[in-house]
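A structural walkthrough
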Amino acid sequence: MGLFKKPEPQRVEIKGHLLRCPVCGAELFYQREAQLNTAVASFFNFDWANRSATCLVCANCTHISWFLGE
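Here's a quick rundown of the structure. Because the structure is predicted, anything quoted here is derived from the model rather than measured.

**Focus: the overall build of the chain**
Each helix and strand in the chain was counted, giving one helix and five strands. Each helix and strand of the chain, ordered N terminal to C terminal, gives the series β-β-β-α-β-β. Looking at the chain as a whole, 23% of its 70 residues qualify as buried. In the chain, the proportion of contacts linking residues at least 24 apart, taken out of those at least 6 apart, comes to 36%. Summing over all exposed atoms, the chain offers an accessible surface of approximately 5,800 Å²; the carbon and sulfur share of this is 57%.

See the structure below:
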């Protein structure tokens with residue numbers, strides 16, 4: 001009886017193409033956001049100003065593919 005459900009892996013399309021894991025060929029991914037920290041911003045406690053990336057984690061082998069969006 002958990003309050004939080006684990007998200008289900010999903011198929012992902014990138015620019016009209018189905019994404020496949022480059023390591024194992026699987027088609028299901030978990031999506032996460034990750035902050036791209038820099039040494040200068042961290043030194044001055046400005047981590048909040050750094051860019052973020054979308055990480056797609058293969059549900060089969062856990063390879064992580066990173067995508068930067070504008």
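**Observations regarding unusual backbone geometry**
You will see that K15, though not glycine, has its phi angle at about 50°, which is positive. By secondary structure assignment, the location of K15 is in the loop between β1 (13–14) and β2 (17–18). The backbone of T62 sits at a positive phi, close to 70°, despite the residue not being glycine. You can see T62 is positioned in the loop between β4 (52–58) and β5 (64–67).

**Concerning the sheet that holds strand β3 (residues 29–35)**
Strand order in this open sheet of three strands is β3-β4-β5, and the pairing throughout is antiparallel. Looking at the sheet topology across the chains shown, the edges are occupied by β3 and β5. Averaged over all pairs of adjacent strands, the angle between their axes in this sheet comes to 25°, without regard to strand direction. Pairing geometry for β3 and β4, over seven bridges, is antiparallel. Across the sheet, the residue bridging to E33 is T54, located in β4.

**Topic: the side chain of S65**
Tracing the sequence through the fold places S65 in strand β5. Given a relative accessible area of 12%, S65 falls into the buried group. Once residues within four sequence positions are removed from consideration, S65 is found in contact with P22, T54, C55 and L56.

**Things to note about the pairing of β4**
Burial analysis of β4 places five of its seven residues in the buried class, which makes it a mostly covered element. Bridge count between β4 and β5: four bridges; the pairing is antiparallel. When the bridges of β5 are listed, L56 appears paired with S65. Adjacent in sequence and paired antiparallel, β4 and β5 are bridged by five residues, among which T62 carries a positive phi angle near 70°.

About the criteria used
- Residues numbered from 1 in each chain as written.
- Predicted model: local features only at pLDDT ≥ 70, side-chain atom pairs only at ≥ 80, totals over all residues.
- Heavy atoms only, no water.
- Helix = DSSP H or I, 4+ residues; strand = E, 2+ residues; numbered from the N terminus.
- Buried < 20%, exposed > 50% of the residue type's maximum accessible area, 1.4 Å probe, protein only.
- Contact = heavy atoms within 4.5 Å.
- Areas by Shrake-Rupley, 256 points an atom, 1.4 Å probe, with all protein chains shown as cover.
- Pairing = 2+ DSSP bridges.
- Axes fitted to C-alpha atoms, helices over the stretch in contact; angles between N-to-C directions.

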